[in-house]
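The lines below spell out each chain.
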Protein chains: 2
Amino acid sequence: MKRLLALSALVLLTAPLAAQDVPPPVTPASIIAAAPEGDWKAIDPADLMVMTLAPDASGAPRVVTIQLIPPPFSAGWVANVRTLAKAHWWDGTSVYRVVDNWVTQWGDGEDDEAKAKPLPPGMLEVPESEYTLSGPTREVCSGSQCVRAPGIVDAIPAEVALDPYAPNVAFSRGWPLGFADGFSRSWPLHCYATVGVARDLSPNTGTGAELYAVIGQAPRQLDRNIAIVGRVIEGIEHLSALPRGKAEMGVYGEGQARVPILSVRLGNELQAPEQPKFEYLGTDSESFARYAQVSANRNDPFYRVAAGGIDVCNLKVPVRRVTGE
Amino acid sequence: MKRLLALSALVLLTAPLAAQDVPPPVTPASIIAAAPEGDWKAIDPADLMVMTLAPDASGAPRVVTIQLIPPPFSAGWVANVRTLAKAHWWDGTSVYRVVDNWVTQWGDGEDDEAKAKPLPPGMLEVPESEYTLSGPTREVCSGSQCVRAPGIVDAIPAEVALDPYAPNVAFSRGWPLGFADGFSRSWPLHCYATVGVARDLSPNTGTGAELYAVIGQAPRQLDRNIAIVGRVIEGIEHLSALPRGKAEMGVYGEGQARVPILSVRLGNELQAPEQPKFEYLGTDSESFARYAQVSANRNDPFYRVAAGGIDVCNLKVPVRRVTGE
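Residues numbered from 1 in each chain as written. Chains lettered and ligands numbered in written order. Predicted model: local features only at pLDDT ≥ 70, side-chain atom pairs only at ≥ 80, totals over all residues. Heavy atoms only, no water.

**Considering the relation of the copies chain A and chain B**
Okay, step 1: Between chain A and chain B, which share one sequence, the superposing operator has a rotation angle of 180 degrees and an axial displacement of 0.0 Å; the RMSD is 0.0 Å. The operation mapping one copy onto its partner corresponds to a two-fold rotation axis.
Okay, step 2: Of all interface residues in chain A, 100% are interface residues in chain B too; the two copies therefore contact each other through one and the same surface. (Least-squares fit on C-alpha atoms with pLDDT ≥ 70 in both. Contact = heavy atoms within 4.5 Å.)

This is the structure in structure tokens:
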């Protein structure tokens, strides 16, 4: 068995060293492990959403944790998602569509509009213009201090400079973004595990009641065409490893049981120990810049050629669960 | 239920037209459907490998069809894969490792070298230099006609010009390739469903007995670092939707049953009707060039912004099963 095909510190733990005093190789995992505590930022539990699916066939629990995209990148759809979660609207709905190398989708799943589950009051209708953020007209506020975009750009590692979908890509506050017009317009990107709003034909932008998670190659053509509301940060395997749908459009069909959603709760609605606690590696930190540089230039013993670049969606922002006190 | 989130002709079939005489929108799917027969190239059954897994829990069959990469891109590893298939070596082995957004891996899966299944005679030891193809020293032959690389380059759509991993990317004979040194060096790319050779630390290059398929975001950092032997062209869901492994490195651990491999056969070893018949859309065809152009510039009713570019791994080479006479 060749177990070494993995971008993981485990590779190195299991590899024999020629001498005990050889310094361990520098890898993306070693950079993350060595990041000072100050480089990690807490994710507000109010920005987390915990989706509990029915247990699997063996009775094991299935919990999916989603991080909602924070201001200034969040638009009315995120407000709608919060409204739906607070109303416990998704409880009793299901995962009803799984398309290989594409998306897993959940919500009401009712085709007949007359039978569709009524939405809670207070839902916003959001225009397509909200798919992108116009810098000069939006402000980023932290406490009492507000700055105008492009102050939202944390870092543009040279290693992710080449992108076929956007004039520029960069990170901000833990999220990958596309930029145009001299960084005066920005938008979040569709990467693996991104959560977005299913919709009908344009100009319909969807409500946020039907959501999907990306389970394959980053479908970046959807950027600026569909609303992004967050990303799965734990439990993506409960969505990505589901059987693929066999009916039209990958919807679960005859003989395929939809996966019941028991509950969806905002993190701050849960009490300890259920309340989720996570941190992300600040994308404005030196650790992140080094992580980007090392990820694009692998030179540990597994590699013989360093790529010298990296796709923005392969530079996954490190997120960790906080345990203990 | 919003069913329209898909890059599929089905979207358009289910969308009402404003008037019956409006021409149907041009999509990647419509380009493929309209491609003339002459643009489709038969895949030699000898270049196909059919892996039959044990039926799933409901008793449904699970068959995975792999296309082996053809000359001049195939190296000694593909020869080894053929040797192993002819020896029926994989029969009775298993799928033993599944890592989310990474790979599904199969083969002997025995950790203890003393107990490892002996390899058949005739296996080649292949050097790392074979990861790339050096143009000036290799020839491409078609019948009696041989041309020197870079004659292998079919097309370089402007839409895939920007790539963070290779100075150039292009297609040739139905495969995406990276190029360097003025197209005098080339190598196959790791995209979704690519099949490669698991190995230990460099300079070990693996035999081909332990294989993996990519089941997530294209791990392009592996290009030129691991041997590519082919791609899954049918049945990838039987590998991508498997439960993720819970032991070290994503190997199946306690309480997780490995998936038995009943048989692996080269396509030409099978008789009709089991013999697989597939075609790919020639990457030197006008249809493919148009498919690339439309894929990068979506303007059907689902889209409001065309990206103007596309990742080489999102420009999947169309492959179809040939049915009937």
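**Regarding the state of the cysteines**
Residues and elements named next belong to chain A.
Okay, step 1: Under the counting rule described, the total for this entry stands at 2 disulfides over all chains.
Okay, step 2: Linked covalently through their sulfurs, Cys191 and Cys313 form a disulfide whose S-S length is 2.0 Å. Judged by the sign of its S-S torsion, about -70 degrees, the bond between Cys191 and Cys313 is left-handed. With a gap of 122 residues between them, Cys191 in the loop between strand 11 (185–188) and strand 12 (194–197) and Cys313 in the loop between helix 5 (286–296) and strand 17 (319–321) connect regions that are remote in the sequence. For the pair formed by Cys191 and Cys313, the shared burial category is buried. (Disulfide = S-S within 2.5 Å. Helix = DSSP H or I, 4+ residues; strand = E, 2+ residues; numbered from the N terminus. Buried < 20%, exposed > 50% of the residue type's maximum accessible area, 1.4 Å probe, protein only.)

**A closer look at the interface of chain A and chain B**
Okay, step 1: Taken together, the contact pairs 68 residues of chain A with 68 residues of chain B.
Okay, step 2: Taking both partners together, chain A and chain B bury about 6,900 Å²; carbon and sulfur atoms supply 58% of that area.
Okay, step 3: Taken together, the connections running from chain A to chain B amount to 2 salt bridges.
Okay, step 4: Seen at the junction of chain A and chain B, the total is 25 residue pairs in polar contact (both at pLDDT 80 or more).
Okay, step 5: When residues of the side of chain A that touches chain B are traced back to their parent elements, those giving at least two are helix 1 (9–14), strand 4 (94–98), strand 5 (103–107) and helix 4 (237–240) of chain A.
Okay, step 6: Examining the composition of the side of chain A that touches chain B, we find that 3 residues originate from one element, helix 1 of chain A, more than from any other. (Buried area = accessible area lost by both parts, 1.4 Å probe. Salt bridge = Lys/Arg side-chain N within 4 Å of Asp/Glu carboxyl O. Polar contact = N/O pair within 3.5 Å; in protein donor to acceptor, adjacent residues only side chain to side chain.)

**Overview of the sheet that holds strand 1 (residues 40–43) of chain A**
Residue and element names in this part refer to chain A.
Okay, step 1: With antiparallel pairing, 3 strands are arranged side by side in an open sheet as 1-16-17. The outermost strands of the open sheet, each flanked by one partner alone, are strand 1 and strand 17. Pairs of neighbouring strands in the sheet enclose a mean axial angle of 30 degrees, with direction left out of account.
Okay, step 2: Direction of pairing for strand 1 relative to strand 16 (residues 278–281): antiparallel, over a ladder of 4 bridges. Bridging from a neighbouring strand, Ala42 pairs with Glu279 of strand 16. (Pairing = 2+ DSSP bridges. Axes fitted to C-alpha atoms, helices over the stretch in contact; angles between N-to-C directions.)

**A closer look at the pattern of salt bridges**
Okay, step 1: Tallied over the full model, the rule gives 24 salt bridges over all chains.
Okay, step 2: Between Arg220(A) and Asp223(A) there is a salt bridge, with the nearest N and O atoms lying 2.7 Å from each other. Each of the two residues, Arg220(A) as well as Asp223(A), counts as buried.
Okay, step 3: The salt bridge partner of Lys41(B) is Asp284(B), with a shortest N-O separation of 3.8 Å. A residue pair is termed long-range when its members are at least 10 positions apart, and Lys41(B) in strand 1 (residues 40–43) and Asp284(B) in the loop between strand 16 (278–281) and helix 5 (286–296) qualify at 243 residues.

**Section: the nonpolar core**
Residue and element names in this part refer to chain B.
Okay, step 1: Ranked by internal contacts, the top residues of the largest apolar core, which has 46 residues, are Met49, Trp90, Val95, Trp106, Leu211, Val232 and Leu239.
Okay, step 2: Sort the elements by how many residues they give to this core and helix 3 (residues 76–86) lands first, with 5 residues.
Okay, step 3: Among all residues touching Leu211, those that are not within four sequence positions of it are Met49, Val81, Trp90, Thr104, Gln105, Trp106, Val195, Gly196, Val197, Ala198 and Val229. (Core = buried A, V, L, I, M, F, W, Y, C linked by side-chain atoms within 4.5 Å.)

**Quick word on the confidence of the model for chain A**
Okay, step 1: For chain A, per-residue confidence averages 88 on the pLDDT scale, and residues scoring 70 or more make up 87% of the total.
Okay, step 2: Across residues 6–19 of chain A, where pLDDT falls below 50, the model places 21 contacts with residues more than four positions away in sequence or in other chains. (pLDDT = per-residue confidence, 0-100.)

**Some details on the side chain of His238(A)**
Okay, step 1: For His238(A), the position within the fold is in helix 4.
Okay, step 2: For His238(A), the residues in contact, after removing those within four places along its chain, are Leu53(A), Pro61(A), Arg62(A), Val63(A) and Val64(A).

**Some remarks on the packing of aromatic side chains**
Okay, step 1: On inspection of all chains with the given rule, the structure shows 10 aromatic pairs over all chains.
Okay, step 2: Taking 5.3 Å as the distance between ring centres and 10 degrees as the angle between the ring planes, the aromatic pair formed by Trp77(A) and Tyr131(A) counts as stacked. One end of the pair, Trp77(A), is in helix 3 (residues 76–86); the other, Tyr131(A), is in the loop between strand 5 and strand 6 (133–134), and 54 residues separate them in sequence. Here Trp77(A) and Tyr131(A) have matching classes, each one buried.
Okay, step 3: Each ring, one from Phe171(A) and one from Phe288(A), has its centre 4.9 Å from the other, and the planes form 65 degrees; the classification is edge-to-face. One end of the pair, Phe171(A), is in strand 9 (residues 168–172); the other, Phe288(A), is in helix 5, with 117 residues separating them in the sequence.
Okay, step 4: Since its relative accessible area comes to 0%, Phe171(A) is described here as buried.
Okay, step 5: For Phe288(A), a relative accessible area of 0% puts it in the buried group.
Okay, step 6: An aromatic cluster is present here, built from Phe171(A), Phe288(A) and Tyr291(A) joined pairwise through their rings.
Okay, step 7: Its guanidinium or amino end placed over the ring of Trp40(B), Arg320(B) lies 4.0 Å from that ring's centre, counting from NZ or CZ. (Phe/Tyr/Trp six-rings, centres within 6.5 Å; stacked < 30°, edge-to-face > 60°. Lys NZ or Arg CZ within 6 Å of the ring centre and 35° of its normal.)

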